[in-house]
Amino acid sequence: MIILAPGHSTDHPGARLDDHNEHAEARGWVEALAALLSQPVSVALGTARQKAAVITELRPRIAVEWHFGSNHTDSTSGVVALSPKRGCLRSVEFACRLEQALPAARLTPGWYRGDETQGEDFFLLHSPSPAILITVDQFTNLTYARAQRERILQVTADQLRQLPSHGDSQIS
Ligand SMILES: [Zn+2]
């Protein structure tokens, strides 16, 4: 079982651009990714708390939440940023594999809370399973992101399929 979640929720959709919003866009990507995978997938919706509850109940091999960057000053088009849950071998391994497969990718230490002095990210903190946050830059450059969509989803699906079943143990 793999859980995919679009970032944010219908009530709080995240970044906006004209008639588009981040949650709806991410949901489209996540549903397309789910269709590419030939293994059991559940799409989690709602608030971060509700998503965390689904993850707690279903205990997926990995949980992947999908976002789009909205930082205008850090415009690095096509970049995929990954935030592996610290200490989890499987999520770190998946992040590293995806980073290699998408050469423009980079690892980042946080998600909503890139600044670790602000504390642990809610989703990562409350997920009992390996959890990854993927952020496709930039929502302000949606045309570019959509042009990359098929490739990014295909690479992500390939890496999820190859995800080893080992790696649950924690590293300190
Ligand atoms: Zn977001």
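Residues numbered from 1 in each chain as written. Predicted model: local features only at pLDDT ≥ 70, side-chain atom pairs only at ≥ 80, totals over all residues.

Side note on the overall build of the chain
For the chain, the helix and strand inventory stands at five helices and eight strands. Burial analysis of the chain (172 residues in total) assigns 38% to the buried set. Long-range pairs, those at least 24 residues apart, make up 75% of the contacts in the chain with a sequence separation of at least 6. (Helix = DSSP H or I, 4+ residues; strand = E, 2+ residues; numbered from the N terminus. Buried ≥ 20, exposed ≤ 12 C-beta atoms within 10 Å, placed from the backbone. Contact = placed C-beta atoms within 7 Å.)

A short note on the environment of His-8
Note on placement: His-8 falls in the loop between strand 1 (2-6) and strand 2 (16-17). With 22 C-beta atoms packed within 10 Å, His-8 lands in the buried category. Taking the C-alpha atoms as reference points, His-8 and Ala-48, 40 residues apart in sequence, are found 7.4 Å from one another. Residues within four places of His-8 in sequence aside, it is in contact with Pro-13, Gly-14, Glu-22 and His-23.

Side note on helix 1 (residues 22-36)
Since the α-helix packs 3.6 residues into each turn, any two residues three or four apart lie on the same face. For helix 1, which comprises 15 residues, the first-to-last C-alpha distance of 21 Å matches the rise-based estimate of 21 Å (1.5 Å per residue) to within 8%. For helix 1, the complete set of buried residues consists of Glu-22, His-23, Glu-25, Ala-26, Arg-27, Trp-29, Val-30 and Leu-33. On its buried face, helix 1 is in contact with strand 1, strand 3 (20-21), strand 4 (41-43), strand 5 (62-68) and helix 5 (142-161). (Expected span 1.5 Å × (residues − 1).)

Things to note about the nonpolar core
Counting residues in hydrophobic clusters, the biggest one holds 32 residues, and the most contacted among them are Ile-3, Leu-4, Val-30, Ala-63, Val-64 and Ile-132. Mapped onto this core, the elements with two or more residues apiece are strand 1, helix 1, helix 2 (48-58), strand 5, helix 3 (89-101), strand 8 (131-136) and helix 5. (Core = buried A, V, L, I, M, F, W, Y, C linked by C-beta atoms within 7 Å.)

Some thoughts on the environment of Arg-149
Position of Arg-149 among the secondary structure elements: in helix 5. Residue classification places Arg-149 among the partly exposed positions, given that 16 C-beta atoms sit within 10 Å. Once the C-alpha coordinates of Arg-149 and Ala-32 are considered, the two residues, 117 residues apart in sequence, prove to be 9.6 Å apart.

Re unusual backbone geometry
Residue His-8 is not a glycine yet carries a positive backbone phi of 70 degrees. Phi at Arg-59 is positive, roughly 45 degrees, even though this residue is not glycine. By the element assignment, Arg-59 lies in the loop between helix 2 and strand 5.

Side note on the pairing of strand 8
Among the six residues of strand 8, six are classified as buried, and the element is accordingly described as predominantly covered. Of the two faces of strand 8, the one carrying Ala-131, Leu-133 and Thr-135 and the one carrying Ile-132, Ile-134 and Val-136 are both buried. Bridge count for strand 5 against strand 8 is six bridges, and the pairing is parallel. If you follow Phe-68 over to strand 8, its bridge partner there is Val-136. (Pairing = 2+ DSSP bridges.)

Comments concerning helix 5
The end-to-end C-alpha distance of helix 5 is 27 Å, a good match for the 28 Å that 20 residues give at a rise of 1.5 Å each. Remark: the principal bend of helix 5, roughly 50 degrees, maps to Arg-149. Among all positions of helix 5, only Ala-145, Ile-152, Leu-153, Thr-156 and Leu-160 are buried. (Bend = angle between axes of the 7 residues up to and from the residue.)

Re the pairing of strand 1
Of all five residues making up strand 1, five are buried, and the element is well covered by its neighbours. Side chains Ile-2, Leu-4 and Pro-6 of strand 1 all project onto a buried face; the interleaved residues Ile-3 and Ala-5 project onto the opposite face, where all are buried too. Bridging between strand 1 and strand 4 involves three bridges; their strand directions are parallel. Looking at the pairing, Ile-2 lines up with Val-41 of strand 4.

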